[in-house]
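# Working through the structure, step by step
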Amino acid sequence: MMNKHCLVLVWLCVIVAATAGCERRQSGAAEPVVTRLDADYYFRPIGLEPYWSYPLKLGPAETIEQIWLAPKSIYCLTSENMLHRLDRDTGVTSWIRQPAAPPRLIRRPVEVDGKTLVVAHNIAKVYKTQTAQPLGERRLAFGVNSDPAFDGEVLYIADSLDRMVAIELQSGREIWSCRAEKSISARPVRMGRTLIAASESGEVLAYDTRLYDPLWAEYFRTRGAILIPPVLTAEGRCYVVGGDSILYCLTSASGDELWRYFAEVSPPKEPTVADGRVFLNVPGKGLVVLDAESGAELEDFCYPQGRGYLGRVNDKLYIVTADRRIVSLDANSGQQLAQLGVKDFDFFVSNEKSGRIFIANRAGRIVCLQAMGLEPPGLAGISGQGQSDQE
């Protein structure tokens, strides 16, 4: 009998211990398991891993609304009109400013020669790029109709009527203007002494920014309103998306037409020119890839689901699809190699320079992706002190 009682007690102890173990395991399992989208392993299927990944400090209901890539920076504008400046190499937020309170419009920042220009409503502000030290502020005497261009001293911007205006910011003096047949809403672009602006009448205007004389013998004209910014390249090309659903390639020096591509449907944004190719998002066709020299469509590079070009890393090109997948391609053949769903991200930034991919979501997570096996960036001497500058 004693043996039977002992046996019963032993079984009771085993059952109690097992039950307690199950309870402990269930308690642990109740904690949510989060797949870290910035973890090293997450992007490895497409040959990438985070070089840096940081969350922005946002308010409870605050979200990212715009992201712009600049030569040394990433600028993020939030729903509260807070402008965050991140160092492009390290991802560290070096400053936060509010150029104007909502609902005033904050235009795309322009970075040149260690200065950052921000136009908020009709006020132009210049900051030191690294520290946000104020370098000047100028209230404009007219309503603004476009994002600005900037050469470090002179602001180029369209007024609310039909003019492209050049203003010396230090003195506030209007030093030059040109008039189009209709208003100019597309952002003007500048490279060296060349300034290109395009109007809603279809005109493409080119000027020398030292002499303020026309560069071309006559204006180039499309058959529809131009609402998308032109693209200037170091190879002396100017790409213009016309309202007539045609992509034009011109010489920036003379305005002569080199080739045209009939998209049949108006593209929603300017093309990305990189790696000797032109990447153009065409509704109904997907991501069209053209040879930059001839304008011929590259048949091996055909991506009906493609939406945009992200960048090149070593021997791979990366594009994003309409359903938010990143696809890696062989840079030479165009063959699709791998893909990865990234539906938790909302912003995919085109980077014409090789080496890095930038993606972000509205909640404030920004990730810089590079080839696997690289060391993380050094953070020495970088300050993350945020500042407020409300108008």
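Now for a look at the structure at hand. (Residues numbered from 1 in each chain as written. Predicted model: local features only at pLDDT ≥ 70, side-chain atom pairs only at ≥ 80, totals over all residues. Heavy atoms only, no water.)

Counting buried positions along strand 8 (residues 123-128) gives 5 out of 6 residues, so the element sits mostly inside the fold. Examined bridge by bridge, strand 7 (residues 115-120) and strand 8 share 6 bridges and lie antiparallel to one another. When the sheet's bridge partners are listed, Val 118 is paired in strand 8 with Lys 125. Connecting strand 7 to the antiparallel partner strand 8 that follows it, the hairpin turn spans 2 residues, and His 121 within it adopts a positive phi of roughly 60°. Across 5 bridges, strand 8 lies against strand 9 (residues 134-139) in antiparallel orientation. (Buried < 20%, exposed > 50% of the residue type's maximum accessible area, 1.4 Å probe, protein only. Helix = DSSP H or I, 4+ residues; strand = E, 2+ residues; numbered from the N terminus. Pairing = 2+ DSSP bridges.)

Moving on: the packing of aromatic side chains. Using the criterion set out here, one finds 12 aromatic pairs in the structure. With centroids separated by 6.4 Å and ring planes inclined at 55°, the aromatic side chains of Phe 43 and Phe 345 adopt a geometry described as tilted. Note that Phe 43 is positioned in the loop between helix 1 (2-29) and strand 1 (48-55) and Phe 345 in the loop between strand 29 (336-341) and strand 30 (347-349), a separation of 302 residues in sequence. Each member of the pair, Phe 43 as well as Phe 345, is classed as buried. Summarising the aromatic geometry, the rings of Trp 52 and Phe 358 are spaced 6.3 Å apart at their centres and angled 50° between planes, so their arrangement reads as tilted. Placement of the pair is Trp 52 in strand 1 and Phe 358 in strand 31 (residues 357-360), with a sequence separation of 306 residues. Each residue in the set Tyr 42, Phe 43 and Phe 345 is aromatic and connected to the rest through ring pairs, giving one cluster. (Phe/Tyr/Trp six-rings, centres within 6.5 Å; stacked < 30°, edge-to-face > 60°.)

Okay, the side chain of Arg 187 next. As for its position among the elements, Arg 187 is in the loop between strand 13 (173-179) and strand 14 (189-191). The exposure class assigned to Arg 187 is buried, which follows from its relative accessible area of 17%. With near-sequence residues (within four places) excluded, Arg 187 lies in contact with Arg 108, Ser 146, Asp 147, Pro 148, Pro 229, Pro 230 and Glu 270. (Contact = heavy atoms within 4.5 Å.)

Reading across from one edge, 22-23-24-25 is the order of the 4 strands in this open sheet, with antiparallel pairing throughout. Where the open sheet ends on each side, the last strands, each with one partner, are strand 22 (272-274) and strand 25 (297-303). Strand-to-strand, the axes of this sheet are offset by a mean angle of 25°, without reference to chain direction. (Axes fitted to C-alpha atoms, helices over the stretch in contact; angles between N-to-C directions.)

The biggest cluster of nonpolar side chains holds 18 residues, and the ones touching the most others in it are Phe 43, Leu 48, Tyr 318, Ile 357 and Ile 359. Every element with two or more residues in this core is listed here: strand 26 (306-313), strand 27 (316-321), strand 31 and strand 32 (365-371). By residue number, the principal contributor to this core is strand 32, which donates 3 residues. For Ile 357, the residues in contact, after removing those within four places along its chain, are Leu 48, Leu 310, Gly 311, Val 313, Tyr 318, Val 367, Cys 368 and Leu 369. (Core = buried A, V, L, I, M, F, W, Y, C linked by side-chain atoms within 4.5 Å.)

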